[in-house]
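# Residue-level structural notes
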2 protein chains.
Amino acid sequence: MDKIKRNERLGAMTRILTDTPNRIHTLGEFCEMFGAAKSTISEDIDLVSASFRQFDLGLIETVAGAAGGVRYRAMPSMDRCRRVLGALAKRLQEPGRMLPGGFLYTSDVTAESVTAQSLGEILAMQYYDKAPDFVLTMETKGIPIALMTARMLDVPLVIARRDSRAYEGSAVKINYIAGGGNERIETMALARRAVNPGQRALIVDDFMKGGGTLQGMVDMMREFQAEVVGVCVMIATATPQEKRVKGANSLLILEGFDRETGCAIVRPAQQYQ
Amino acid sequence: MDKIKRNERLGAMTRILTDTPNRIHTLGEFCEMFGAAKSTISEDIDLVSASFRQFDLGLIETVAGAAGGVRYRAMPSMDRCRRVLGALAKRLQEPGRMLPGGFLYTSDVTAESVTAQSLGEILAMQYYDKAPDFVLTMETKGIPIALMTARMLDVPLVIARRDSRAYEGSAVKINYIAGGGNERIETMALARRAVNPGQRALIVDDFMKGGGTLQGMVDMMREFQAEVVGVCVMIATATPQEKRVKGANSLLILEGFDRETGCAIVRPAQQYQ
């Protein structure tokens with residue numbers, strides 16, 4: 001194969017690294033692809049890494065050791081997190097999002113790939129060191145954000161269902177208490193083969209009021225003898241202050257609604273203000 | 001700001017373009033970012049574009065006209081499509097995926113971000129010229145693939161639900177006939193505000209047997225006076241040959257099950273063989 005020039009390598013290498021977040025590529029892979037020496041590829045990596053740092057595009061880092069190589073990790077700066085969450089809070093305060101029962105209409109936002117990806121990046125970077133084996137969510141609205149978080153961590157997504165469907169095979173079913181105000185018993189099901197004992201779960205959902213659904217997911221993980229390394233949501237209500245699940249990490253806080261304008265009062269969580 | 005060298009620009013530019021598939025960036029945006037002339041940025045783009053072509057990484061293309069600029073589009077080669085779908089078919093033929101009732105266990109595959117993204121790329125590239133305004137899916141298993149398709153097209157995802165939940169606001173509900181063998185009436189709901197009349201919908205789901213759910217989504221779009229520009233699924237059963245929905249585009253075909261081994265017989269659709 002012809003030697004590929006640096007100018008031609010940099011774009012291709014960037015694309016390959018950023019297309020597989022948190023996955024280690026060996027230098028040998030690039031040496032072979034481009035017909036270049038390891039030292040040359042190392043210099044390429046330094047160049048891409050520096051420009052990523054300069055423009056807040058994430059981390060390109062070299063990992064030492066036998067299983068070493070180079071990987072891309074999303075690592076938005078605090079400035080970028082504030083910008084993303086500030087803009088999102090503003091959108092959620094638009095008129096007309098208040099629904100009967102004190103609910104907030106967020107379906108357009110949660111299903112948007114650009115938003116899901118930005119939130120996935122902010123969530124993922126907080127759990128690199130916890131090394132989750134998978135991300136767990138409960139259908140339906142949390143799926144896009146959970147998927148993008150899983151993508152950034154390079155782990156599978158596991159989806160708990162409201163009922164165990166025929167096409168899931170044998171499943172574990174649990175009951176949990178849902179509903180912030182009007183409590184009720186709900187059922188959650190998860191395919192038996194979806195999780196192995198000893199695996200580490202990161203729980204991600206879109207909305208927390210009472211925290212019952214999230215606690216249900218924590219309980220479900222106990223059934224599977226899996227360890228929960230984190231619980232996070234896009235938005236949590238300020239009240240009730242006491243949640244069924246403990247220590248959940250929320251990106252946004254829904255303070256309440258302005259009854260006159262029908263607008264929600266939403267702010268980024270403390271650490272992003 | 002200091003001038004940024006070409007070696008430093010290429011990685012950053014690649015990252016920004018590929019992070020927003022199908023979105024046009026003006027040359028001016030990059031000129032400002034890097035303190036470079038348009039002609040220089042144009043040369044950068046040519047370099048990245050050439051290396052993307054060489055390594056089958058997608059299309060970096062210049063769009064002429066008033067709203068012109070440069071954009072990245074996923075455009076996997078036929079060779080790559082065959083490789084992705086061949087590997088997926090092989091995985092789905094693993095022992096133990098046959099479930100009672102002639103169902104195939106696919107939840108691990110459909111929820112995998114890498115798989116969802118590869119399939120999203122293959123689906124999206126077939127509909128660039130149809131310019132859909134959004135991707136529509138029905139909860140739950142199709143969401144990851146539909147989200148990634150939407151991401152590649154740079155359009156929102158819209159999710160139809162099995163029931164209209166309180167937090168969706170007013171919704172349109174329809175009944176549809178589901179089930180290939182044991183037919184039954186099911187309900188599908190979609191938030192009234194999710195779709196506007198005249199919009200163009202691309203329907204994406206994970207599985208088609210009788211085609212009733214997909215036809216339900218087509219009917220739902222009629223209720224919203226939206227136009228359906230395509231119907232696609234990850235996998236369709238070979239039988240029944242006659243589907244309720246017409247002209248659906250399937251990536252894989254489930255021929256049936258080997259009753260002895262319990263393995264599915266799955267092949268890529270005709271055009272990928």
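Cut-off values and rules
- Residues numbered from 1 in each chain as written.
- Chains lettered and ligands numbered in written order.
- Predicted model: local features only at pLDDT ≥ 70, side-chain atom pairs only at ≥ 80, totals over all residues.
- Heavy atoms only, no water.
- Pairing = 2+ DSSP bridges.
- Helix = DSSP H or I, 4+ residues; strand = E, 2+ residues; numbered from the N terminus.
- Axes fitted to C-alpha atoms, helices over the stretch in contact; angles between N-to-C directions.
- Contact = heavy atoms within 4.5 Å.
- Least-squares fit on C-alpha atoms with pLDDT ≥ 70 in both.
- Parallel < 35°, antiparallel > 145°, perpendicular 65-115°, else oblique.
- Left-handed = near helix turned anticlockwise from the far one by under 90°.
- Nonpolar A, V, L, I, M, F, W, Y, C, P; charged D, E, K, R; others polar.
- Buried area = accessible area lost by both parts, 1.4 Å probe.
- Salt bridge = Lys/Arg side-chain N within 4 Å of Asp/Glu carboxyl O.
- Polar contact = N/O pair within 3.5 Å; in protein donor to acceptor, adjacent residues only side chain to side chain.
- Expected span 1.5 Å × (residues − 1).
- Phe/Tyr/Trp six-rings, centres within 6.5 Å; stacked < 30°, edge-to-face > 60°.
- Buried < 20%, exposed > 50% of the residue type's maximum accessible area, 1.4 Å probe, protein only.
- Lys NZ or Arg CZ within 6 Å of the ring centre and 35° of its normal.
- Disulfide = S-S within 2.5 Å.
- Right-handed = clockwise from strand over helix to strand, strands pointing away.

All names here are of chain B. Taken in spatial order, the 6 strands make up an open sheet running β6-β5-β9-β10-β11-β12, and their pairing is mixed. Every interior strand has two partners, whereas the edge strands, β6 (157–160) and β12 (263–268), have only one. Sheet twist, expressed as the average angle between the axes of neighbouring strands with direction ignored, equals 25 degrees. Relative to the sheet, helix α4 (residues 78–92) contacts β10 (227–237), β11 (249–258) and β12, its axis offset from that of β12 by approximately 170 degrees. Sheet contacts for helix α6 (residues 113–124): β9 (200–208), β10 and β11; angle to β11, the most-contacted strand, approximately 125 degrees.

Quick look at the relation of the copies chain B and chain A now. After a rotation of 180 degrees and a shift along the axis of 0.0 Å, chain B superposes on chain A with an RMSD of 0.0 Å. This pairing of chains is accounted for by a two-fold axis. Among all residues of chain B, the one whose C-alpha sits closest to the rotation axis is Gly 11 of chain B, at a distance of 2.7 Å. When you check the interface residues of chain B against chain A, 100% turn up at the interface there too, and the contact is symmetric in its surfaces.

Looking now at the packing of α6 of chain B against helix α7 (residues 143–153) of chain B. The relative placement of two packed helices is expressed as an angle between their axes plus a distance between the axes. Residue and element names in this part refer to chain B. Running from amino to carboxyl end, α6 crosses α7 at an angle of 50 degrees, the nearest separation of the two axes being 7 Å. By the angle class used here, α6 and α7 are oblique. Remark: the crossing between α6 and α7 carries right-handed chirality. Of α7, the residues touching α6 (which contributes Ser 113, Ala 116, Gln 117, Leu 119, Gly 120, Glu 121, Leu 123 and Ala 124) are Pro 144, Ile 145, Met 148, Thr 149, Arg 151, Met 152 and Leu 153. Per-class residue counts for the contact of α6 with α7 are 9 nonpolar, 4 polar and 2 charged.

Here we take up the interface of chain B and chain A. Contacts between chain B and chain A engage 55 residues on the former and 55 residues on the latter. Surface buried jointly by chain B and chain A totals about 5,100 Å² across both partners, of which 60% is contributed by carbon and sulfur atoms. When the shortest N-O distance is used, the salt bridge between Glu 121 of chain B and Arg 15 of chain A registers 3.9 Å. For the pair chain B and chain A, the number of links is 15 residue pairs in polar contact (both at pLDDT 80 or more). If you list the elements that add at least two residues to the side of chain B that touches chain A, you get α1 (6–19), α2 (27–34), α3 (38–54), β4 (103–104), α6, α7 and β6 of chain B. Broken down by element, the residue count for the side of chain B that touches chain A peaks at 11 residues, all from α1 of chain B.

With that settled, the discussion passes to the pattern of salt bridges. Within this structure, the stated rule accounts for 45 salt bridges over all chains. With a closest N to O distance of 2.6 Å, Arg 244 of chain B and Glu 183 of chain B form a salt bridge. Residue Arg 244 of chain B is found in the loop between β10 and β11, and its partner Glu 183 of chain B is found in the loop between β7 (171–178) and β8 (184–191); the two are separated by 61 residues along the sequence. A network of salt bridges, in which partner residues are shared, links Arg 6, Arg 9, Glu 43 and Asp 44 of chain A.

Before going further, it helps to spend a moment on helix α8 (residues 212–223) of chain B. Across its 12 residues, α8 of chain B extends 16 Å between first and last C-alpha, which sits within 8% of the 16 Å expected from 1.5 Å per residue. The inward-facing, buried residues of α8 of chain B abut β5 (134–138), β7, β8, β9 and β10 of chain B.

When we look at a pair of aromatic rings, we describe it by the centre distance and by the angle of the planes. Counted under the stated rule, the structure contains 6 aromatic pairs over all chains. Their ring planes at 85 degrees and their centres at 5.2 Å tell us that Phe 55 of chain A and Phe 34 of chain B sit as a pair that is edge-to-face. With Phe 55 of chain A in the loop between α3 (38–54) and β1 (59–63) and Phe 34 of chain B in helix α2, the pair connects residues from two separate chains. Overall, the relative accessible area of 15% leaves Phe 55 of chain A in the buried class. By relative accessible area, Phe 34 of chain B is classed as buried at 0%. In this structure, Arg 73 of chain A is placed above the aromatic ring of Tyr 128 of chain A, and the distance from its NZ or CZ to the ring centre is 4.2 Å. Note that Arg 193 of chain A overlies the ring of Tyr 105 of chain B, its terminal NZ or CZ placed 4.1 Å from the centroid.

With that settled, the discussion passes to the state of the cysteines. The final tally for this structure, using the stated rule, is 0 disulfides over all chains. Cys 232 of chain B takes part in no disulfide bond, and the closest cysteine sulfur to it belongs to Cys 81 of chain B, at a distance of 13 Å.

Taking 1.5 Å per residue, 17 residues should reach 24 Å; α3 of chain B reaches 24 Å between its end C-alpha atoms and fits that length. When we look at burial in α3 of chain B, the residues that qualify are Ile 41, Asp 44, Ile 45, Leu 47, Val 48, Ser 49, Ser 51 and Phe 52 of chain B. Where the residues of α3 of chain B are buried, they touch α1 (6–19) of chain A together with α1, α2, β1 (59–63) and β2 (69–73) of chain B.

All names here are of chain A. When you tally the buried positions in strand β5 (residues 134–138), you get 5 out of 5 residues, the bulk of the element. Of the two faces of β5, both are covered, the one formed by Phe 134, Leu 136 and Met 138 as well as the one formed by Val 135 and Thr 137. Two elements, β5 and strand β9 (residues 200–208), share 3 bridges in a ladder whose sense is parallel. Note that in β9 the partner of Phe 134 across the bridge is Ala 201. In this sheet, strand β6 (residues 157–160) lies alongside β5 in parallel orientation, the contact comprising 4 bridges. Bridging from a neighbouring strand, Leu 136 pairs with Val 158 of β6. Following the backbone out of β5, through helix α7 (residues 143–153) and into the adjacent parallel β6, one traces a crossover that is right-handed.

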